[in-house]
Amino acid sequence: MYEPIRTAPSSRSVHSTMAGAHTNANTNTDFPHRSREEELDIQLAGHLAALLAVTDELRALSPCSAWDEAAERVAGQVARLRGGRPPARTSAAPAGADPAALHRRAHALAGRALVVAASRADTGAAILAAEQMDAHAAALEPRELASR
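On a predicted model such as this, the values are computed, not experimentally measured, just so you know.

Below, the discussion takes up the packing of helix α3 (residues 99-119) against helix α4 (residues 123-140). One way to put it is that α3 packs onto α4 with a least axis distance of 8 Å and a crossing angle of 155 degrees. Considering the angle they form, α3 stands roughly antiparallel to α4. In the crossing of α3 with α4, the sense of the turn from one axis to the other is left-handed. Residues Ala-100, His-103, Arg-104, Ala-106, His-107, Ala-110, Gly-111, Ala-113, Leu-114 and Ala-117 of α3 form the contact with α4, whose own contacting residues are Ala-125, Ala-126, Ala-129, Ala-130, Gln-132, Met-133, His-136, Ala-137, Ala-139 and Leu-140. Residues belonging to the contact of α3 with α4 are distributed by class as follows: 14 nonpolar, five polar and one charged.

Following this line, the structure appears as structure tokens:
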């Protein structure tokens, strides 16, 4: 049912890449390598950029100074992680966008960013992600009655 494990030195694993096929295993320089930290930076920047896009959509649906400030802080973190390059921004929400769905998506993206920021010990990004999780969770909670 499964392919047997090959032990002969000439056989290649199904998981090996073609990059090492024509070079010595000790001098495999056919493609650039990134460090774990670089990979985490790229991943964190991606999660934060997605969070920024959703935050911008929410800002377009219901303008609020809190979302404006959050978007600027997230954009600053993305730019820092991308070597100073500013992230792409949007100023419009898609037609028929559901604010609750956007808040749920933003909460999930902030959670992913928090996990990556914690794994790379980026305190600033981790705090920002946690604050965004709290803000989007609060936006999803039903409003308390004013009479209480």
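Here the focus is helix α2 (residues 65-81). Here α2 spans 25 Å end to end across 17 residues, near enough to the 24 Å set by a 1.5 Å rise per residue. All of the buried residues along α2 are Trp-67, Ala-70, Ala-71, Val-74, Ala-75, Gln-77, Val-78, Ala-79 and Leu-81. In this structure, the buried residues of α2 make contact with α1 (36-61), α3 and α4. Positive phi appears at Gly-83, one or two residues downstream of α2, with a value of about 70 degrees.

Take the confidence of the model for the chain next. Residue-level pLDDT values for the chain average 82, and 76% of them are 70 or greater. Every residue in residues 144-148 is under pLDDT 50, and counting partners more than four places away or in other chains gives zero contacts.

Moving on, we come to the nonpolar core. Counting residues in hydrophobic clusters, the biggest one holds 25 residues, and the most contacted among them are Leu-44, Leu-48, Leu-51, Val-54 and Val-74. When contributions to this core are tallied by element, the ones reaching two or more residues are α1, α2, α3 and α4. Counting residues per element, this core draws most heavily on α1, at eight residues. Those residues within four positions of Val-54 in sequence are excluded, and the remaining contacts are Leu-102, Arg-105, Ala-106 and Leu-109.

A separate point is α4. Spanning 18 residues, α4 covers 26 Å between terminal C-alpha atoms, matching the ideal 26 Å at 1.5 Å per step. Of the residues making up α4, those classed as buried are Ala-125, Ala-126, Leu-128, Ala-129, Gln-132, Met-133 and His-136. Each buried residue of α4 lies within a common arc of 165 degrees when the element is viewed along its axis, so the set occupies one face. Those residues of α4 that are exposed and angled more than 90 degrees off the buried face are Thr-123 and Asp-134. Residues of α4 that are buried sit in contact with α1, α2 and α3.

The subject of this paragraph is the pattern of salt bridges. Here the structure, examined in full by the defined rule, presents nine salt bridges. Its salt-bridge partner being Arg-120, residue Asp-122 comes within 2.4 Å of it at the nearest N-O pair. Given a relative accessible area of 8%, Asp-122 falls into the buried group. Connected through shared salt-bridge partners, Asp-56, Arg-59, Asp-68, Glu-72 and Arg-89 make up one network.

The rules behind each value
- Residues numbered from 1 in each chain as written.
- Predicted model: local features only at pLDDT ≥ 70, side-chain atom pairs only at ≥ 80, totals over all residues.
- Heavy atoms only, no water.
- Axes fitted to C-alpha atoms, helices over the stretch in contact; angles between N-to-C directions.
- Helix = DSSP H or I, 4+ residues; strand = E, 2+ residues; numbered from the N terminus.
- Parallel < 35°, antiparallel > 145°, perpendicular 65-115°, else oblique.
- Left-handed = near helix turned anticlockwise from the far one by under 90°.
- Contact = heavy atoms within 4.5 Å.
- Nonpolar A, V, L, I, M, F, W, Y, C, P; charged D, E, K, R; others polar.
- Expected span 1.5 Å × (residues − 1).
- Buried < 20%, exposed > 50% of the residue type's maximum accessible area, 1.4 Å probe, protein only.
- pLDDT = per-residue confidence, 0-100.
- Core = buried A, V, L, I, M, F, W, Y, C linked by side-chain atoms within 4.5 Å.
- Arc of directions from axis to C-beta.
- Salt bridge = Lys/Arg side-chain N within 4 Å of Asp/Glu carboxyl O.

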